[in-house]
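# Structural overview
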Amino acid sequence: MAVLKITSENFEQEVLRSDKPVLVDFYADWCGPCKMMAPVIEEIAGEVGDVKVGKLNIDEEMEIAQKYGVMSIPTLIVFQNGEAVKRDLGAKPKSAVMEMLK
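Please read these numbers as outputs of a predicted model, since none were measured by experiment.

## Looking at the sheet that holds strand S1 (residues 4-5)
The sheet built from five strands is open, its strands ordered S1-S3-S2-S4-S5 with mixed pairing. Of all the strands in the sheet, just S1 and strand S5 (83-89) have a single pairing partner and so form its edges. Pairing between strand S4 (residues 75-80) and S5: six bridges, direction antiparallel. If you follow Thr75 over to S5, its bridge partner there is Leu89. On the sheet, helix H2 (residues 32-47) packs against strand S2 (22-27), strand S3 (52-57) and S4 and is oriented at approximately 155 degrees with respect to S3.

Take a look at the structure:
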């Protein structure tokens with residue numbers, strides 16, 4: 001499955017109302033560690049069928065980032081049943097991100 005572009009237009013439908021857990025990567029184009037995470041996020045999206053994977057650009061969607069207290073990036077948040085259930089900050093190895101999805 002491809003990585004979803006999460007925006008304020010589709011956040012409720014794709015994340016909060018999803019019947020699957022959703023991993024959201026809060027990032028910005030200018031962020032070095034975010035760029036390091038991009039291939040990892042892409043790879044995970046291609047491997048996991050039971051989890052949606054999305055990216056949310058905090059510069060474009062500041063309100064959502066503020067609502068979930070995203071102060072530094074990259075921030076990864078796993079949403080389940082409309083709730084943020086797990087979060088992690090900074091660039092991580094793929095194994096650490098996969099661990100979040102368990």
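## A closer look at the packing of aromatic side chains
Inspection of every chain in the model, using the stated rule, returns three aromatic pairs. On the basis of an interplanar angle of 90 degrees and a centroid distance of 5.0 Å, the ring pair of Tyr68 and Phe79 is categorised as edge-to-face. Placement of Tyr68 in the loop between helix H3 (62-67) and S4 and of Phe79 in strand S4 is noted, with a sequence separation of eleven residues between them. Overall, the relative accessible area of 1% leaves Phe79 in the buried class. Members of the aromatic cluster, connected to one another through ring pairs, are Phe11, Tyr68 and Phe79.

## Observations regarding the pairing of S2
Burial runs high along S2: six of the six residues are buried. Both faces of S2 are covered, namely the face carrying Val22, Val24 and Phe26 and the face carrying Leu23, Asp25 and Tyr27. Note: S2 against S3, six bridges, orientation parallel. Residue Asp25 lies in a different strand from S3, and its bridge partner there is Lys55. For the crossover that starts at S2, traverses H2 and ends in the parallel S3, the hand is right-handed. Pairing between S2 and S4: five bridges, direction antiparallel. Looking at the pairing, Val24 lines up with Ile77 of S4.

## What about the environment of Asp88?
Within the secondary structure layout, Asp88 lies in strand S5. On a C-alpha basis, the gap between Asp88 and Asp25 in space is 9.8 Å, while along the polypeptide they are 63 residues apart. With near-sequence residues (within four places) excluded, Asp88 lies in contact with Pro74, Thr75, Leu76 and Met100.

Here is what the cut-offs are and how they apply
Residues numbered from 1 in each chain as written. Predicted model: local features only at pLDDT ≥ 70, side-chain atom pairs only at ≥ 80, totals over all residues. Heavy atoms only, no water. Pairing = 2+ DSSP bridges. Helix = DSSP H or I, 4+ residues; strand = E, 2+ residues; numbered from the N terminus. Contact = heavy atoms within 4.5 Å. Axes fitted to C-alpha atoms, helices over the stretch in contact; angles between N-to-C directions. Phe/Tyr/Trp six-rings, centres within 6.5 Å; stacked < 30°, edge-to-face > 60°. Buried < 20%, exposed > 50% of the residue type's maximum accessible area, 1.4 Å probe, protein only. Right-handed = clockwise from strand over helix to strand, strands pointing away.

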